[in-house]
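Here is how the chains run, residue by residue.
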Amino acid sequence: MDYGLGVRLDRPFAQAVEAVTAALKEQGFGVLTTIDVRATLREKIGAEIEDYLILGACNPALAHRALRADRRIGLLLPCNVVVRADGDATVVEAVDPQTMVTLAGPEGGLGEVADEAAQRLTAALDALRG
């Protein structure tokens, strides 16, 4: 099962992170959390990996609708967006919101929320492509 939406960008990591944050904002998502996986692994276990961030993206209106449909959906929120270096390029991947429906079921309008979230995340990724 493919659970992600993604794009490969020919731009440096730091520029890609700024562009991703701006593209998400245009689609109504804010970044609630930023997890620097590279720094964490280096600090905790001395492991070295490429630049790798996990952004916890949230569109408050969509989150509210999802929570009204299924209070347990918070287990799958916020939408994770990964930004990682890959050679001279940067890969951006977002969790496919349809994964929520696959795990939780479409009851109570959750499918409609996932559809809209997927459209918005896809639009953000498309904007990054230029």
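Note that the structure is predicted; figures quoted are calculated from it, not measured. (Residues numbered from 1 in each chain as written. Predicted model: local features only at pLDDT ≥ 70, side-chain atom pairs only at ≥ 80, totals over all residues. Heavy atoms only, no water.)

(A) Molecular detail of the pattern of salt bridges. Under the counting rule described, the total for this entry stands at eight salt bridges. Across the salt bridge formed by Arg42 and Glu48, the nearest N and O atoms sit 2.9 Å from each other. What makes Arg42 partly exposed here is its relative accessible area of 38%. A salt bridge links Glu116 to Arg120; the shortest N-O distance between them is 3.0 Å. Taken together, the residues span about one helical turn, with Glu116 and Arg120 both in helix H5 (residues 110-129) at a distance of four residues. It is possible to trace a salt-bridge network through shared partners that takes in Arg65, Glu116 and Arg120. (Salt bridge = Lys/Arg side-chain N within 4 Å of Asp/Glu carboxyl O. Buried < 20%, exposed > 50% of the residue type's maximum accessible area, 1.4 Å probe, protein only. Helix = DSSP H or I, 4+ residues; strand = E, 2+ residues; numbered from the N terminus.)

(B) Looking closely at the state of the cysteines. A full pass over the atoms with the stated rule returns zero disulfides. Left without a disulfide partner, Cys58 is nearest to the cysteine sulfur of Cys79, which lies 7.6 Å away. Residue classification places Cys58 among the buried positions, given a relative accessible area of 16%. (Disulfide = S-S within 2.5 Å.)

(C) Molecular detail of unusual backbone geometry. That bond from Leu77 to Pro78 is cis: its omega, -5°, falls within 30 degrees of zero. Relative to the helices and strands, Pro78 resides in the loop between helix H3 (60-69) and strand S4 (79-86).

(D) Molecular detail of the environment of Arg129. Within the secondary structure, Arg129 is located in helix H5. By relative accessible area, which is 51% here, Arg129 ends up exposed. For the pair Arg129 and Asp10, spaced 119 residues apart in sequence, the C-alpha to C-alpha distance is 9.3 Å. Once residues within four sequence positions are removed from consideration, Arg129 is found in contact with Gly6, Val7 and Leu9. (Contact = heavy atoms within 4.5 Å.)

(E) Region of the structure containing the pairing of strand S1 (residues 4-9). In S1, alternate side chains face the same way, and those of Leu5, Val7 and Leu9 are buried while those of Gly4, Gly6 and Arg8 on the opposite face are not. One ladder, built from six bridges, connects S1 with strand S5 (residues 89-95); its direction is antiparallel. For Val7, the partnering residue across the bridge sits in S5 and is Val92. (Pairing = 2+ DSSP bridges.)

(F) Representation of the sheet that holds strand S3 (residues 52-58) within the structure. Taking strand neighbours across the sheet as the criterion, the five strands line up as S1-S5-S4-S3-S2 in an open arrangement whose pairing is antiparallel. Looking at the sheet topology across the chains shown, the edges are occupied by S1 and strand S2 (30-36). On average, each strand axis in the sheet is tilted by 20° relative to the strand beside it, whichever way the strands run. Its contacts with the sheet put H5 on S1, S4 and S5, and the angle it makes with S1 is roughly 10°. (Axes fitted to C-alpha atoms, helices over the stretch in contact; angles between N-to-C directions.)

(G) Here's a closer look at the packing of helix H1 (residues 13-26) against H5. Relative to each other, H1 and H5 sit at 135°, their axes nearing to 9 Å. Judged by the inter-axis angle, H1 sits oblique to H5. Here the hand of the crossing between H1 and H5 comes out right-handed. Where H1 approaches H5, its residues Ala19, Val20, Ala23 and Leu24 are matched on the opposing element by Leu121, Ala124 and Leu128. For the contact of H1 with H5, the residue count by class is seven nonpolar, no polar and no charged. (Parallel < 35°, antiparallel > 145°, perpendicular 65-115°, else oblique. Left-handed = near helix turned anticlockwise from the far one by under 90°. Nonpolar A, V, L, I, M, F, W, Y, C, P; charged D, E, K, R; others polar.)

By themselves these figures say nothing about function.
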